[in-house]
Structure formats: structure tokens, C-alpha cells
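Residues per chain are reported as follows:
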Amino acid sequence: MTEAISSQRRKRVLVVDYSQTGQLRRVMERIVEPLRADPGIEVHVETLRPLRDYPFPWPFLRFFDAFPESAHMVPPTLAPLSLKGDEDFDLVLLPWQVWFLAPSLPITGFLKHPLAARLLKGKPVVAVVACRNMWMLAFEKLKGMLAANEARLVDHVVLTDPGPTLATLFTTPVWMLSGRKKGFWGMPDAGLTTQQIDGTRRFGRALRDALAHGHERGSGPLLAGLGAANAQPRLYFGEKTGTRSFYLWGKLLRAAGEPGATARKPLLGLYFVFLFVLIVTLLPLSLGLQALLRPLFKQRLSRIQAQFELPSGSATDRCHLYGD
Ligand SMILES: Cc1cc2nc3c(=O)[nH]c(=O)nc-3n(C[C@H](O)[C@H](O)[C@H](O)COP(=O)(O)O)c2cc1C
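Residues numbered from 1 in each chain as written. Predicted model: local features only at pLDDT ≥ 70, side-chain atom pairs only at ≥ 80, totals over all residues.

This paragraph deals with the overall build of the chain. Counting its secondary structure elements, the chain contains 13 helices and 7 strands. Projecting the C-alpha coordinates of the chain onto the three principal axes gives extents of approximately 65 × 50 × 35 Å. Counting across all 324 residues of the chain, residues that qualify as buried make up 36%. Pairs at least 24 residues apart make up 83% of the contacts formed inside the chain by residues separated by at least 6 positions. (Helix = DSSP H or I, 4+ residues; strand = E, 2+ residues; numbered from the N terminus. Buried ≥ 20, exposed ≤ 12 C-beta atoms within 10 Å, placed from the backbone. Contact = placed C-beta atoms within 7 Å.)

Structure follows, in C-alpha cells:
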């Protein structure tokens, strides 16, 4: 068996790389560790560099100025990639963040890049999201862009901040706008825990084994049974409302000018007030109402959960094989 494996050509893995705070990069380093350690695997990391870079920490208006293009998935121009498009990868690891309930702009920039279709066509893709906790509708958009490139999404790993939703709605923006990750007023730290990040090595180990056996050529997930994706269906309705609002306000803002245009600024201020009121009133109301009505919607919520946990699922029966 070992001989059969070593006589094959080395497996080539493309890892897309973009991370502002370094959080998603640390996740990917853990996942890629076991792949790099395997002499039968060659890893290429492609770092995305938007020509007009997104600052971290974000100035207040610049942060909100990113929502119209995020919601409308308008790709930013990226610095030239080191890839030519004719490379033949066996597996693609696609880490992605959520920005305003849509895939982050650098990832949209990559997926709408002219080379993406050539790099991704027919290729198995493992997507890995690390975000606050609202990723479901953004995942639909990501899947749409992958399908447009004729890529095969085989797995989805979901990592979300462990804090309560209402707390993270404050701690995450504070982290983004000031760089302060530490919790305040009794709220937990923003972002993933070190334990969550280190735990992702299990995905790398499973991918290494899957590649050794050529399982990436099959159609099934490679990361089933590893607790890859847990969806919280109670957030779905809030995401729907938010997505609609980002889309409509985004349309208005885009009509006012390009990113950074002075004419956008008063509208952005107005939108911030609207969003703040929405978050402190409608969201808790919707979560509370849903808690009361949950028994009536049980089946619908279970269906939403099952749908969004595809393709990898939330089962954990293989964790003992690959966990620390
Ligand atoms: C502009 C912006 C908008 C964001 N919007 C969302 C969101 O809608 N839902 C969510 O779960 N996380 C959201 N986040 C958090 C990110 O998904 C991510 O967790 C964070 O930016 C850290 O990612 P990094 O690896 O780039 O440092 C947002 C972050 C930024 C910068």
C-alpha cells in the first residue's frame, strides 16, 4: 500500500489565504500542518492582496463603506496572482470570512477573478469559514460563485465565535474598529478561542489521509464525522432580514457613488443609526419570539439546520481518529 502511494505523483493542494486579524490564517496553518508534513503532498499558498487594501483596525466610516459592495458582491481588484491558471491542483482549500452577511470582498475578488474558473473547474473544494456566527446566507452566495466556476464543493468547515449572539454583536465590531479583542462589561473575548483554532488540526489529518487514498476524486465529503459544521437555524430569519436590508441600502449607496465617495458619507451615518436600532430592538425581539414559537417551527428549523450543515455535517463519530 505504502509503495502504491509513494509511486503516485505528489498531490497538489492550493490554499487561498486572506486574513485581516490573522485569525483565519492561524486556522489554516493548523489545517495545513499535517499536509505540509507529508512528503506526498505539495502545498501552494496564494495570498490575496486587494489593490485598495482594507485596513485593520477599520476607521468607522470605512468599515460601513464596505457593506454596499459586500452585499452586492462587487469584486475588488486584486494584485496579480502568482498563479497562471494552468496549474492542476488535486484539492483546493478555500478559507473565507463573512462581511455583512456576504463572503468577504477579497474572497469575492478571488472567486470572480478571471483565473478562478480555470483554477477551480472540476476541482474539489474544501471551504472553511471563521466568522462571528451569521454565515448561512453568505454560504449560499459562496456556493453560487463556486458553481459559476464549476468547482465541486466537497466540504464546509464552520468556525464561529463561541460568545452569545447579542454579546458578539458588540464585541466583534469593537474588535474590528479598535483592534481590541478582549471582552468588556462582562462580555467574552471576541473571536475564536485558541482551543477551537488548535482543534482544526483534525481536519488537516483527515484531508492528508483522504488524499493518500485518492478520496478527493470521489463525490462524498472528506470531513464527515468530524463535527465540521453546526448551523444555528434560529439565526436564519435575522439573516434574511439583514441581507434584504443590506441589499436595498447597498443599492442606494452604490447609486450615490463609488467606495470612499463623499456623497456616501451622510447616507452611511444614517444607515448606521438604522442598523443600530435594528440590532438593539428587532433582533432580540425576533430571537425572543422565535424561542416562544420554536415548538411550532420545530420541523422547519430542523430542515434549515440539516440543509446548512451539508456537505460535511455535524456528526462527530470520527473525531477520536483525528482529534488531539
Ligand atoms: C466588514 C466586516 C463585516 C463583518 N460582517 C460579519 C457578518 O455579517 N457576520 C459574521 O458572522 N461576521 C462578520 N464579520 C466578522 C468576520 O467574518 C471575521 O470573523 C473577522 O473579520 C476576522 O476575520 P480575519 O480572519 O480576516 O481576521 C465581519 C467583519 C468585517 C471586517
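Having seen the structure, we can now continue with the description.
Here P311 shows up in the loop between α12 (264-308) and α13 (319-322). Judged by the 19 C-beta atoms lying within 10 Å of it, P311 falls in the partly exposed class. P311 sits 147 residues away from P164 along the chain, and the two C-alpha atoms are 26 Å apart. Setting aside residues no more than four positions away along its own chain, P311 makes contact with L153, V154, D155, H156 and P221.

Before going further, it helps to examine the nonpolar core. Core analysis: the biggest nonpolar cluster contains 72 residues, and L93, V125, V126, V128 and V129 have the highest contact counts within it. When residues of this core are assigned to their parent elements, the largest contribution, 7 residues, is made by strand β6 (residues 124-131). (Core = buried A, V, L, I, M, F, W, Y, C linked by C-beta atoms within 7 Å.)

The next point concerns the environment of L268. The topology assignment puts L268 in helix α12. Here L268 falls in the partly exposed class, since 19 other C-beta atoms lie within 10 Å of it. For the pair L268 and M73, spaced 195 residues apart in the sequence, the C-alpha separation amounts to 18 Å. Each residue touching L268, except ones within four places of it in the same chain, is listed here: L61, F64, D65 and L253.

Looking now at the site of the ligand. Contacts to the ligand come from 20 residues, most closely from S19, T21, L24, C131 and R132. Mapped by element, the contributors of at least two residues to the shell around the ligand are α2 (23-36), β4 (98-99), β6 and α8 (165-178). Its residues placed into classes, the shell around the ligand shows 12 nonpolar, 7 polar and 1 charged. (Near = placed C-beta within 6 Å. Nonpolar A, V, L, I, M, F, W, Y, C, P; charged D, E, K, R; others polar.)

Now for the environment of F63. Structurally, the position occupied by F63 is in helix α3 (residues 60-65). Between the alpha carbons of F63 and E258 there is a distance of 14 Å; along the sequence they are 195 residues apart. If we ignore the near neighbours within four places in the chain, the residues touching F63 are W58, M176 and L177.

Here we have 5 strands laid out as an open sheet, ordered β2-β1-β3-β6-β7, and parallel in their pairing. Strands at the two margins of the open sheet, each flanked by one partner only, are β2 (41-47) and β7 (152-160). Direction aside, the axes of adjacent strands within the sheet are offset by 15° on average. The pairing of β6 with β7 spans 8 bridges and is parallel. Bridge pairing in β7 places V129 opposite V158. This element, α2, spans β1 (11-17), β2, β3 (91-96), β6 and β7 of the sheet and lies at about 140° to β6. Sheet strands touched by helix α10 (residues 201-212): β1, β2, β3, β6 and β7. Its angle to β2, the strand with the most contacts, is close to 125°. (Pairing = 2+ DSSP bridges. Axes fitted to C-alpha atoms, helices over the stretch in contact; angles between N-to-C directions.)

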